[in-house]
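# Geometric and topological summary
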Amino acid sequence: MHIILSSNSPRRRQLLAGLGLPFEVRVLPDIDESYPKDLAVDDIPVFIAREKAQAYLPLIQPDELVITADTVVVLDNRILGKPADAHEAADMLRDLSGRTHRVITGVCITGKNVQRSFAVVSYVTFKQLEEKEIDYYVEHYKPFDKAGAYGIQEWIGYIGVTGLQGSYFNVMGLPVQRIYEELKTLGVTPL
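Residues numbered from 1 in each chain as written. Predicted model: local features only at pLDDT ≥ 70, side-chain atom pairs only at ≥ 80, totals over all residues. Heavy atoms only, no water.

## Quick notes on the pairing of strand S6 (residues 115-126)
By the bridge criterion, 11 bridges tie strand S5 (residues 100-110) to S6 in an arrangement that is antiparallel. Its bridge partner being in S6, Thr105 is matched across the sheet by Val120. A loop of four residues connects S5 with S6, the two strands running antiparallel in sequence. Note that S6 and strand S7 (residues 161-165) share four bridges and pair antiparallel. Note that in S7 the partner of Tyr123 across the bridge is Gln165. (Pairing = 2+ DSSP bridges. Helix = DSSP H or I, 4+ residues; strand = E, 2+ residues; numbered from the N terminus.)

Written as C-alpha cells, this is what we have:
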C-alpha cells in the first residue's frame with residue numbers, strides 16, 4: 001500500500017518517517033476543521049481527523065492509505081488551540097504552569113474500502129513556570145503553530161515538563177506506535 005500523510009506539520013512528517021515506511025505528503029487546501037458545539041471535548045480530535053479523511057476519499061486510489069490527524073491540548077475540559085499571538089501564547093503557558101493537562105490526538109487511516117480511527121491520550125505535567133521562562137520561550141520559539149502554545153520537544157519541554165504519562169510522540173502530534181500497530185493489521189510494515 002502507498003501511504004499518504006495529510007499534514008503540513010514538519011513534526012508529523014519526521015515522526016512518520018521514523019517508522020521506516022515510504023510515504024508522500026499530500027495536503028488539500030481549506031479543509032473544514034469545525035465541529036458540532038455539543039460534541040464532547042474528548043471526541044473532537046477523532047471527529048476532525050475523520051472529516052479531513054472524508055475530503056480525501058474521492059481522490060484515494062485502490063492502493064493508497066491516507067493518514068489524517070488532529071491534536072488538541074485540553075485543560076479543565078477546554079481546548080487550548082493554536083495561539084493567535086505572543087500575548088495569547090503566554091496566557092496559555094501561564095494556564096498550563098504547575099498543572100497537568102491532556103493531549104489528545106485523533107487519527108484516521110483511510111483507504112478505498114477501509115477506515116480506522118482512534119484517539120491517543122497523554123498526560124503532561126508542567127512545573128510552576130517563571131514569568132521570564134514563559135517570555136523567553138514565546139520570544140525565541142514563537143509557538144504560534146502549536147496547540148497549547150508549546151512543543152514538548154523544544155526548550156520549554158526541556159525545562160518545564162516534570163511528568164508524562166502516555167506517548168511522548170503523541171504530545172509531539174502523531175502517536176506513531178499506535179499508527180504502526182494499525183498499519184500492521186492492514187498488512188503494511190517495513191519488516
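Having seen the model, we can carry on.
## So, the packing of helix H3 (residues 86-96) against helix H4 (residues 131-141)
As a packed pair, H3 and H4 sit with axes 10 Å apart at the nearest point and diverge in direction by 135°. The angle between H3 and H4 falls in the class oblique. Crossing of H3 over H4 shows right-handed handedness. For the pair H3 and H4, contact is made by Ala86, Ala89, Ala90, Leu93 and Arg94 and by Glu131, Ile134, Tyr137 and Val138, respectively. Its residues assigned to classes, the contact of H3 with H4 shows seven nonpolar, no polar and two charged. (Axes fitted to C-alpha atoms, helices over the stretch in contact; angles between N-to-C directions. Parallel < 35°, antiparallel > 145°, perpendicular 65-115°, else oblique. Left-handed = near helix turned anticlockwise from the far one by under 90°. Contact = heavy atoms within 4.5 Å. Nonpolar A, V, L, I, M, F, W, Y, C, P; charged D, E, K, R; others polar.)

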